[in-house]
Amino acid sequence: MEDFTAVILAAGEGVRMKSDLPKVLHKVCGLPILTHVINAARCAGANKIIVVVGKDAEKIKETYANEDVEFVVQKEQKGTGHALMQAQSAVKGSTHFVVLYGDMPMVTAESIGKMACFHREQNANATVMTAKVADPTGYGRIIREGSRVLDIREHKDANRQEMAINEINAGFYCFDTSLIFSALSKVGNNNRQGEYYLTDVVKILNQEGKKVVAFELENPEELHGINNRRQLAEVQSIMQKKIIDGWMDEGVTFINPGTCMVDCEVKIGRDTTIYPGVILEGKTRIGEGCTIIGPSRIKDTVIGDCCEISMSQIDECILEEGVKIGPYSNLRPGCKLSSKVKVGDFVELKNSKVGEGTKIPHLSYVGDAVLGKHINIGAGVIFVNYDGYKKHQTVVQDNAFIGCNSNLVAPVTIKAGSYVAAGSTITKEVPEDSLAIARARQENKIGWAATRNNNLKGGVEVDGK
Ligand code: UD1
Ligand code: CA
């Protein structure tokens, strides 16, 4: 593997995104655009990563505060050449370095690595990644002589002949550190955009008798840059397809892959079946042999083998094997469900532990609770966890049975093996193996209805009938 420094240019303003969020922080398949570029560089062997940032410096630095990334600020956006100049002292000590553009998240580690390798093998002073495309509009054109690159002409500055060239500048380079900055200092801004173009170093290096070569990209898909929301959606859909195709190759069934979303850090076990309309986000891990029926949204959740999820939302939870969820459950952050738990329709769960084999089949709210094993929670049971100021915990021990439509007012404990009668409002501890009834006793008034009907018959007639 190659060993190099990578400089990522990300100081452009991204005006065409029309956004308050810096362009490179917009997400594609769950990660910011810039993260894709950083990951590709790191994966290819970059031992030091320098990002050139502009007006949005603070927000971008914050995002990467805990990562091994160095930042350099380009105060004014005077072009890609000027941007790279700002990294001069940061790249000191490396013999050669790679330059990437921060708005091109499709670049792969493989291509970066191959380019760096090619640069060394060719004994080149500069290597430019190029690609042949059907429509070169907007890109810099490669002016070649054999394997040597003589110049790069920006679209806006190209004459008719140059316009017809279909080999374009991908925007990824490898440079010898000792030569590039003196060449950059000779770059002027006498062009249509009044910018200092990085691409102009190619001509200057040639004039100095240095060797500039082209490394041609096999898959032009990697060229997709993001300048506006349409391109953001386009890249999302290409990358999404790649991710899902990858999981199908690993033995996961997608019944209608085009309707699903799977973030790039998600992992899915073999023989899991994903129905249409499933969204898997963040660092979600799904075990083997699971079935997930959409519409479902599962985020940052770990799911064991052989679970069944149907039409539900799950966020930051842990589910052991054989758990059944839904249809229509909402599992909010902090739930840990042991094996064979069942959470049924219209149940909301929050920050709760549920022991093995416990069932919460219908219409319940369970918040801040610790439930033991093999408990049955009847339909419509509410865990009353909030007193208007604080949240309190409810504990239900193994084998308890909570009757339908009960309220468990926290803090409260229902001890092992006990029963709560349907319709109870429980405010005190229920001892082991006992029955708690906390509701008004039923009274039957015999003949009450007949008396009432007779009385009403003697009443006032309505509408003359
Ligand atoms: C650039 C190339 C073009 C190539 C194309 C590939 C130049 C002059 N042109 O054009 O040959 O075909 O990419 O997509 O390099 N940036 C800064 N500071 C600046 C200006 C830009 O950091 O002052 C950053 C941007 O944030 C962006 C990258 O450099 O990530 C490329 O800039 P952009 O203006 O998008 O260049 P293109 O016109 O796309
Ligand atoms: Ca661009």
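Predicted model, so just to flag it, every value in this text is computed and none were measured.

Peer 1: Before we move on, can you summarise the overall build of the protein with the specific residues and values?
Peer 2: In terms of helices and strands, the protein carries nine helices and 41 strands. The C-alpha atoms of the protein give 32 Å as radius of gyration, which overshoots the globular expectation for 465 residues (23 Å, by more than 25%). For the protein, the residues scored as buried account for 47% of the 465 residues in total. Counting contacts in the protein only where the partners sit at least 6 residues apart, residues at least 24 apart contribute 41% of the total. For the protein, the accessible surface area stands at approximately 23000 Å², while carbon and sulfur atoms represent 49% of it. Across the protein, 55 positive and 57 negative side-chain charges occur, with their mean positions spaced 4 Å apart.

Peer 1: Before we move on, could you go through the sheet that holds strand β38 (residues 412-414) and cite the residues and values that matter?
Peer 2: Across the sheet, which stays open at both edges, the nine strands sit in the order β14-β17-β20-β23-β26-β29-β32-β35-β38 with parallel pairing between neighbours. Sheet topology places β14 (267-268) and β38 at the edges, where each strand pairs with a single neighbour. In terms of strand pairing, strand β26 (residues 336-337) meets strand β29 (residues 353-354) through two bridges, oriented parallel. Each residue of the ladder has a partner; that of K336, found in β29, is K353.

Peer 1: Provide a residue-level description of the site of ligand 1, including the pertinent values.
Peer 2: Inspection of the region around ligand 1 gives 21 residues, with G12, Q74, Y101, E154 and N169 positioned closest. In the model, an oxygen atom of ligand 1 is placed 3.5 Å from a nitrogen or oxygen of the G102 main chain. Here ligand 1 has 750 Å² of accessible area as a free molecule, and 86% of this is covered by the chains. Those elements giving two or more residues to the shell around ligand 1 turn out to be β1 (4-10), α3 (80-85) and β10 (167-176). Looking at the shell around ligand 1, its residues break down into nine nonpolar, nine polar and three charged.

Peer 1: Which residues make up the coordination of the calcium ion (ligand 2), and what values do they have?
Peer 2: At this site the calcium ion (ligand 2) is bound by D103 (OD) and N227 (OD1), with donor distances of 2.8 to 3.2 Å. Highlighted residues: D103 in the loop between β6 (96-101) and α4 (109-121) and N227 in the loop between β11 (212-216) and α8 (229-249), separated in sequence by 124 residues.

Peer 1: Explain the nonpolar core to me, using residue names and the numbers behind them.
Peer 2: Counting 71 residues, the largest nonpolar core has V7, L84, V99, F175 and L198 as the members making the most contacts within it. In contact with F175, not counting residues within four places along its chain, are L84, T95, H96, F97, V99, H119, N125, A126, I180, L198 and V201. In this structure, I238, C317, V343 and V366 belong to the second largest nonpolar core, which totals 60 residues.

Peer 1: So what's going on with the pairing of strand β4 (residues 46-53)? Which residues, and what values?
Peer 2: Here β4 lies mainly inside the structure; six of its eight residues are buried. With seven bridges connecting them, β1 and β4 associate as parallel partners. Bridging across to β4, T5 finds its partner in K48. Taken together, the four bridges between β4 and strand β5 (residues 70-73) define a ladder with parallel strand orientation. Residue pairing across strands places V51 opposite F71, the latter belonging to β5.

Peer 1: So what's going on with the environment of I226? Which residues, and what values?
Peer 2: Inspection of the secondary structure puts I226 in the loop between β11 and α8. Residues I226 and I33, 193 residues apart in the sequence, show an inter-C-alpha distance of 8.5 Å. Non-local contacts of I226, meaning those with residues more than four positions away in its chain, are made with M17, K23, V28, I33, D103, P105, Q231, L232 and V235.

Peer 1: Residue-level account of the packing of helix α1 (residues 33-44) against α4, with values.
Peer 2: Interaxial distance between α1 and α4 falls to 8 Å at its minimum, and their mutual angle equals 50 degrees. One element, α1, and the other, α4, form an angle in the oblique class. Relative to α4, the crossing made by α1 is right-handed. Residues A40, A41, C43 and A44 of α1 form the contact with α4, whose participating residues are A109, I112 and G113. For the contact of α1 with α4, a count of residues per class yields six nonpolar, one polar and no charged.

Peer 1: Quick rundown of the pairing of β11? Include the residues and the values.
Peer 2: The buried count for β11 comes to four of five residues, which makes it a mostly enclosed element. Taken together, the five bridges between strand β7 (residues 126-132) and β11 define a ladder with parallel strand orientation. Note that in β11 the partner of M129 across the bridge is F215.

Peer 1: Can you tell me about the packing of aromatic side chains, naming the residues and giving the values?
Peer 2: As enumerated under the stated definition, the model contains eight aromatic pairs in all. Between the aromatic rings of F401 and Y419, the centroid separation amounts to 5.4 Å while the plane-to-plane angle is 25 degrees, which identifies the pairing as stacked. Residue F401 is located in strand β36 (residues 401-402), and its partner Y419 is located in strand β39 (residues 419-420); the two are separated by 18 residues in the primary sequence. Residue class for Y419 comes out partly exposed when judged on its relative accessible area of 44%. Aromatic rings pair up to connect F97, Y101, Y173, F175 and F181 into one cluster. One cation-aromatic arrangement involves K391 over Y386; the distance from NZ or CZ to the ring centre is 5.1 Å.

Conventions adopted
- Residues numbered from 1 in each chain as written.
- Chains lettered and ligands numbered in written order.
- Predicted model: local features only at pLDDT ≥ 70, side-chain atom pairs only at ≥ 80, totals over all residues.
- Heavy atoms only, no water.
- Helix = DSSP H or I, 4+ residues; strand = E, 2+ residues; numbered from the N terminus.
- Rg over C-alpha atoms; globule rule 2.2 N^0.38 Å.
- Buried < 20%, exposed > 50% of the residue type's maximum accessible area, 1.4 Å probe, protein only.
- Contact = heavy atoms within 4.5 Å.
- Areas by Shrake-Rupley, 256 points an atom, 1.4 Å probe, with all protein chains shown as cover.
- Lys, Arg positive; Asp, Glu negative; His and termini not counted.
- Charge placed at Lys NZ, Arg CZ, Asp CG, Glu CD.
- Pairing = 2+ DSSP bridges.
- Near = heavy atom within 4 Å.
- Polar contact = N/O pair within 3.5 Å; in protein donor to acceptor, adjacent residues only side chain to side chain.
- Nonpolar A, V, L, I, M, F, W, Y, C, P; charged D, E, K, R; others polar.
- Donors = N, O, S within 2.8 Å, 3.2 Å for Na, K, Ca; no water.
- Core = buried A, V, L, I, M, F, W, Y, C linked by side-chain atoms within 4.5 Å.
- Axes fitted to C-alpha atoms, helices over the stretch in contact; angles between N-to-C directions.
- Parallel < 35°, antiparallel > 145°, perpendicular 65-115°, else oblique.
- Left-handed = near helix turned anticlockwise from the far one by under 90°.
- Phe/Tyr/Trp six-rings, centres within 6.5 Å; stacked < 30°, edge-to-face > 60°.
- Lys NZ or Arg CZ within 6 Å of the ring centre and 35° of its normal.

Note that every value here comes from positions in space, so none of it alone points to a role or purpose.
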